[in-house]
Each structure stands twice: as C-alpha cells, then as structure tokens.
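Coordinate inspection notes
Listed here are the chains, written in short residue letters.
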Amino acid sequence: MKLSFRWYGEDDPVTLQHIRQIPGMDSIVTAVYDVPVGEVWPNESIAKLKKETEDAGLHFEVIESIPVHEDIKLGKPTRDKYIENYCENIRRVAKAGIKCVCYNFMPVFDWTRTQLDHPLPDGSTSLVYYQSQVDKVNPLNGDSDLTLPGWDASYTREELAAVVGEYNQMTEEDLWSNLEYFIKKIIPVAAECDVNMAIHEDDPCWSIFGLPRIIVDEKSLDRFLSLYDDPHHGITLCTGSLGCSAKNDVAKMAYKYAKMGRIHFAHLRNVALVEDGFEERAHLSSCGSLDMYAIAKALHDGGFTGYVRPDHGRMIWGETGRAGYGLYDRALGATYINGLFEAIEKADK
Ligand code: DNO
C-alpha cells in the first residue's frame with residue numbers, strides 16, 4: 001500500500017510540510033479547486049500542484065476528485081460536452097503523472113452529515129449523521145432555514161430545489177443508465193492514459209431526500225464493475241461510507257475487490273453505528289463498529305497495492321480547521337494504518 005493524505009491546496013491550514021513529517025507518507029491527494037464543475041482544468045494549475053507537492057518531497061499521483069457535472073448524472077443533452085471536458089481532464093492529469101482519479105456519482109449532495117462538531121466523551125469532536133435530524137430537512141421547501149453540513153454552497157435554495165426536483169423524476173435505473181453512458185466514454189480514455197478510475201461509494205450508503213443513490217453495497221459494486229471490462233475501471237473502497245450500514249461486510253468486500261485488482265484507492269476510517277445513525281470515531285477498531293485490522297488484512301491478502309489514505313479525523317488537541325480534515329487525528333490514523341500494515345505484512349513472511 002502507498003500511504004497518502006488529502007490536501008486542499010494553498011488555503012488548507014494543514015501544510016505540505018506538516019504532511020511530509022508523518023512517518024511513511026508517500027503521496028498527496030488533491031484537486032484543482034478553483035474551476036467550476038464540468039470545466040477543463042488549466043494545465044498551469046495542475047503543474048503548480050505537482051511542483052508544490054514534489055518540492056515538499058511527496059508524490060503527485062492521486063486526484064480526488066474530478067467532479068462529475070450534474071448534467072451527466074441527469075443524462076441531459078449537454079452531457080456530451082461535459083464528458084468531453086472530463087476526458088480532457090483525465091488526459092491532462094495523466095500527463096502530469098497522476099495514476100489514480102477518485103470521483104463519485106452521487107446526485108447533488110456529496111457526503112452528508114447532520115453535525116460537524118459533535119462532542120465525544122473524550123472531549124474531541126467529530127462528524128455525525130442522525131436520521132431524525134435529516135428527516136426534519138426538506139430541500140424542496142424554499143422557505144426552510146435548515147441546511148445540512150457538506151452541502152454545495154454554490155446553489156441558491158431555489159436552484160437546489162430545482163435540481164432535486166429533476167432527480168425526483170428519475171428512477172434508480174435511469175441513474176444507472178446515465179452512469180453506464182459516462183463509464184463507456186471515460187474508461188477507454190483512462191485506459192489509454194493508464195489512469196485508474198476509482199469511484200467512491202455514496203456516503204451515507206442509502207437514499208436521502210428521495211434522491212436515487214446507487215453505489216451502496218456489494219450488489220451495486222458488482223453491477224458497477226460489470227459495466228466495463230478493464231482494470232482501469234475500479235473503485236475507492238471507503239470503509240466509512242460502506243460501513244455506516246450494518247448490512248455491508250466491508251472486510252469481505254475489501255478481499256473480493258482487491259483480489260479482482262479493482263481497488264485502486266482505500267479510504268480508511270472507523271464509524272460507530274448508533275440507534276439513530278452513525279458517528280465518526282477515531283480510526284482504532286475498538287473505537288467504532290468496524291474491524292480495521294480485518295479490513296487491512298483483507299486488502300493485503302487480496303493483493304492490494306494501491307493508495308490508502310486515513311479518512312476523516314476528529315478534531316483533537318484544540319485544533320480548528322476543515323471538519324474531518326485536520327492534521328492531528330488524521331496523522332494518528334496514518335500511524336495506526338502503518339502499524340496495521342507492517343504487522344500484517346511481517347506476519348505473512
Ligand atoms: C468526503 C470525501 C468525499 C469524496 C468524494 C469523491 O470527505 O470522502 O467527498 O472526496 O465523494 O468524489
């Protein structure tokens with residue numbers, strides 16, 4: 001496994017120099033953030049990210065994400081233009097040395113939580129999702145004052161209601177067919193450029209606000225992988241996204257898809273399932289519902305050689321910053337991941 005760390009660019013309070021000091025750190029995971037979704041990334045912006053990363057002594061090999069324009073997910077006539085832009089972005093990042101691109105196909109809302117600073121008993125804070133709070137929010141109601149953390153702030157409330165309304169006309173099968181159309185166009189380009197495409201599961205892995213969500217479990221990942229027969233067509237195994245449903249056996253999936261050579265990226269974090277939803281916790285197995293050792297071992301036993309990053313951390317030691325993406329707890333997560341893999345690898349020799 002190659003250890004990586006997400007970095008939000010120059011505005012990130014966590015610096016590349018901090019990241020470089022985490023033991024075993026190999027690669028930066030980043031993106032061009034100042035270009036609207038669907039547009040082509042300027043070569044200069046990509047080159048700048050590469051230079052900054054390499055000057056800090058780290059590798060520039062993973063992009064998270066090249067976001068997918070809503071018109072592609074909605075299957076609108078304008079999608080072809082956006083898909084062509086998407087392919088051009090794959091070509092451009094490949095030329096700069098990128099080996100893996102993470103993306104998702106979630107309608108409108110990326111990851112969704114109800115609170116970003118929920119206090120845990122040890123005095124740290126973390127991200128949580130309580131269904132009862134989600135049920136109180138209706139994005140179609142233009143007068144509602146409620147919003148949820150993680151929502152795309154670039155939408156006005158009216159625009160949000162409009163786009164949610166468009167999805168409400170669609171079935172899950174429609175979304176599958178739009179995904180298939182997209183995959184059939186982008187994977188040949190990725191294969192030609194030798195870039196591994198790694199779809200991220202829907203987070204949480206169930207439908208919210210009646211919007212279709214389709215990358216949620218083993219059955220849907222099987223179906224997704226069957227859309228295109230090429231090793232560049234793969235997944236990001238996000239333990240927290242899949243693990244927030246007790247129905248998902250994450251270790252089983254880790255082994256199965258690693259063995260198939262289709263896990264290109266792994267997001268490792270723990271979640272605790274609670275009655276009304278889930279809470280993000282420290283990475284250690286005993287802090288949540290997931291057996292992180294079993295998952296790491298399954299990846300190893302399946303022959304996984306891709307990138308791993310510690311996913312969301314809590315806020316600890318008084319740190320302030322981007323929720324889920326502070327330095328300290330993610331660095332602890334990285335060190336824990338190093339320990340797990342070292343022990344697993346040595347025990348196997
Ligand atoms: C949350 C992240 C996601 C992820 C995208 C990938 O913290 O894991 O936002 O980056 O879903 O496209």
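Structure first, text after, so check above.
Here's what I pulled together on the structure shown here. Keep in mind that what you see is a predicted model, and the values were worked out from it rather than measured. (Residues numbered from 1 in each chain as written. Predicted model: local features only at pLDDT ≥ 70, side-chain atom pairs only at ≥ 80, totals over all residues. Heavy atoms only, no water.)

**Overview of the sheet that holds strand E5 (residues 115-119)**
Strand order in the open sheet formed by 4 strands is E5-E6-E11-E10, and the pairing between neighbours is antiparallel. Only two strands of the sheet have a single neighbouring strand rather than two, namely E5 and strand E10 (271-274). Ignoring which end each strand starts from, the neighbouring axes of this sheet average 35° apart. The sheet contact formed by strand E6 (residues 125-130) and strand E11 (residues 277-280) spans 3 bridges and is antiparallel. By the bridge assignment for E11, Tyr129 is matched with Phe278. (Pairing = 2+ DSSP bridges. Helix = DSSP H or I, 4+ residues; strand = E, 2+ residues; numbered from the N terminus. Axes fitted to C-alpha atoms, helices over the stretch in contact; angles between N-to-C directions.)

**Some points on the packing of helix H8 (residues 218-225) against helix H10 (residues 250-259)**
Contact pair H8 / H10: the axes reach a minimum separation of 11 Å and the direction vectors enclose 15°. Put simply, H8 runs roughly parallel to H10. Every pair of crossing elements has a handedness; the one defined by H8 and H10 is right-handed. Residues Glu218, Leu221, Asp222 and Leu225 of H8 lie in contact with H10, whose contacting residues are Lys252, Met253, Lys256 and Tyr257. (Parallel < 35°, antiparallel > 145°, perpendicular 65-115°, else oblique. Left-handed = near helix turned anticlockwise from the far one by under 90°. Contact = heavy atoms within 4.5 Å.)

**With respect to the sheet that holds strand E7 (residues 196-200)**
Reading around the circumference, E1-E2-E3-E4-E7-E8-E9-E12 is the order of the 8 strands in this closed barrel, with parallel pairing throughout. Recorded for the sheet is a direction-independent mean angle of 30° between the axes of neighbouring strands. Judged from the 3 bridges that link them, strand E3 (residues 59-64) and strand E4 (residues 100-104) form a sheet pairing that is parallel. Paired with Val62 across the bridge in E4 is Cys100. Here helix H4 (residues 79-95) sits on the sheet and contacts E3, E4 and E7; the angle it forms with E4, its principal contact strand, is near 150°. Along the sheet, helix H7 (residues 172-193) contacts E4, E7 and strand E8 (233-238); its crossing angle with E7, the most-contacted strand, is approximately 150°.

**Thoughts on the site of the ligand**
Lining the immediate environment of the ligand, one finds 14 residues, of which Glu64, Ser65, Asn104, His312 and Tyr325 sit closest. Contact distances for the ligand include 3.0 Å between an oxygen atom and a side-chain N or O atom of Asp110. Take His200: an N or O atom from its side chain is 3.3 Å from an oxygen atom of the ligand. Considering the ligand on its own, with 330 Å² of exposed area, one finds that the protein chains cover 98% of that surface. With 3 residues, E4 is the single largest residue contributor to the shell around the ligand. The class makeup of the residues in the shell around the ligand is 5 nonpolar, 5 polar and 4 charged. (Near = heavy atom within 4 Å. Polar contact = N/O pair within 3.5 Å; in protein donor to acceptor, adjacent residues only side chain to side chain. Areas by Shrake-Rupley, 256 points an atom, 1.4 Å probe, with all protein chains shown as cover. Nonpolar A, V, L, I, M, F, W, Y, C, P; charged D, E, K, R; others polar.)

**Description of the packing of H10 against helix H11 (residues 292-301)**
It is the contact of H10 with H11, at a shortest axis distance of 7 Å, that shows an interaxial angle of 15°. Compared by their axis directions, H10 and H11 come out roughly parallel. Judged by the sense of rotation from one axis to the other, the crossing of H10 with H11 is right-handed. Here Val250, Ala251, Ala254, Tyr255 and Ala258 of H10 lie close against H11, whose contacting residues are Ala294, Ile295, Ala298, Leu299 and Asp301.

**Here we look at a nonpolar patch on the surface**
Taken together, Trp317, Tyr328 and Leu332 make up a surface patch of nonpolar side chains, about 350 Å² in accessible area. Positionally, Trp317 belongs in the loop between strand E12 (307-310) and helix H12 (328-347). (Patch = residues over 30% accessible without salt bridge, like charges linked within 9 Å, V, L, I, M, F, W, Y side chains within 5 Å. Salt bridge = Lys/Arg side-chain N within 4 Å of Asp/Glu carboxyl O.)

**Details of the packing of aromatic side chains**
Under the counting rule described, the total for this entry stands at 10 aromatic pairs. A centroid spacing of 5.3 Å and a plane angle of 5° characterise the contact between Tyr129 and Phe278, whose relative ring orientation is stacked. With Tyr129 in strand E6 and Phe278 in strand E11, this pair connects stretches of sequence that are 149 residues apart. Taken individually, Tyr129 and Phe278 each receive the classification buried, so the pair is uniform in this respect. Arranged with centres 6.2 Å apart and planes meeting at 75°, the rings of Trp206 and Phe278 form a pair that is edge-to-face. (Phe/Tyr/Trp six-rings, centres within 6.5 Å; stacked < 30°, edge-to-face > 60°. Buried < 20%, exposed > 50% of the residue type's maximum accessible area, 1.4 Å probe, protein only.)

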